[in-house]
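Overview (structure and organization)
In case you want the letters, here they are:
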Amino acid sequence: EEDLLNDVCREVVERWSDSQVVDSKEEKEDEVQAIASMMEKQARIVVKPKEVSQEEKQRKAALLAQYANVTDEEEYPFPALLGALRDISCSKPPAKAAPSQLCRPAPALFRNTNVEDVLNARKLERELLRDEFQKKKEQDKLQREKDKLAKQERKEKEKKRTQKGERKR
């Protein structure tokens, strides 16, 4: 009976392992098939590059040039970009323009005054501090004069008191 029991157990284990191998092969094939179908779908999805017309490029370049205008006192942080903008704006020179005006970007509608505002604020702050210092200096001078007068008055009082005391003797 033990032999029979061992044979039955071995047969059950073999059949179970065979079924597991078949199931895992089917699962692997299903996974491979799913991955292949996903890759095919991704291959079909092609992002078309956006076509930008020449007019849109010029409009964009004009906007960039407008905001990139820098006054003489300021320094442009990206000189390479500024050169590229000038090249774009110089691609179509006007027919009757003077040679000095051929490669100048269009004038801006406004001027960036951030730097000037900061400098003016610092200058104003320095002036206020200077005025405060001057006031304090004058107050200190007045206080020293008052102290000097008070000291002198104390000396005079002391002198009078000592003179009174000497007269009484």
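Residues numbered from 1 in each chain as written. Predicted model: local features only at pLDDT ≥ 70, side-chain atom pairs only at ≥ 80, totals over all residues. Heavy atoms only, no water.

**Let's talk about the overall build of the protein chain**
Within the protein chain, the secondary structure is distributed over four helices and zero strands. Each helix and strand of the protein chain, ordered N terminal to C terminal, gives the series α-α-α-α. Taking all 169 residues of the protein chain together, the buried fraction comes to 5%. Of the roughly 16,700 Å² that the protein chain leaves accessible, carbon and sulfur atoms contribute 55%. (Helix = DSSP H or I, 4+ residues; strand = E, 2+ residues; numbered from the N terminus. Buried < 20%, exposed > 50% of the residue type's maximum accessible area, 1.4 Å probe, protein only. Areas by Shrake-Rupley, 256 points an atom, 1.4 Å probe, with all protein chains shown as cover.)

**Considerations on the pattern of salt bridges**
What the rule picks out here adds up to five salt bridges. For R161, the salt bridge identified is with E158, shortest N-O distance 2.1 Å. Within this pair, R161 and its partner E158 are both found in helix α4 (residues 114-168), separated by three residues, close to a single helical turn. The class of R161 is exposed, set by a relative accessible area of 54%. (Salt bridge = Lys/Arg side-chain N within 4 Å of Asp/Glu carboxyl O.)

**Considerations on the confidence of the model for the protein chain**
Interpretation of the predicted coordinates at a detailed level should be avoided for regions scoring low in pLDDT. Of all residues in the protein chain, 71% attain a pLDDT of 70 or more, and the chain-wide mean is 77. Per-element averaging of pLDDT across the protein chain places helix α3 (residues 79-89) at the bottom with 51 and α4 at the top with 93. (pLDDT = per-residue confidence, 0-100.)

**Considering a negative patch on the surface**
Negative charge collects at one region of the surface, where E26, E27, E29, D30 and E31 lie side by side. Judged by relative accessible area, D30 falls into the exposed class, the value being 55%. (Patch = residues over 30% accessible without salt bridge, like charges linked within 9 Å, V, L, I, M, F, W, Y side chains within 5 Å. Lys, Arg positive; Asp, Glu negative; His and termini not counted. Charge placed at Lys NZ, Arg CZ, Asp CG, Glu CD.)

**As for helix α2 (residues 54-68)**
Residues lying three or four places apart along an α-helix face the same way, a consequence of the helix completing one turn every 3.6 residues. The end-to-end C-alpha distance of α2, which contains 15 residues, comes to 20 Å, matching closely the 21 Å that a straight helix rising 1.5 Å per residue would cover. If you check which residues of α2 are buried, you get A61, A65, Q66 and A68. When α2 is viewed along its axis, its buried side chains cluster within an angular range of 165° and face the same direction. Seen from the open side of α2, the exposed residues pointing more than 90 degrees away from its buried face are E55, K60 and Y67. (Expected span 1.5 Å × (residues − 1). Arc of directions from axis to C-beta.)

**Points about a positive patch on the surface**
Residues R122, K123, R126 and R130 make up a contiguous surface patch of positive charge. Topologically, R126 is positioned in helix α4. Judged by relative accessible area, R126 falls into the partly exposed class, the value being 49%.

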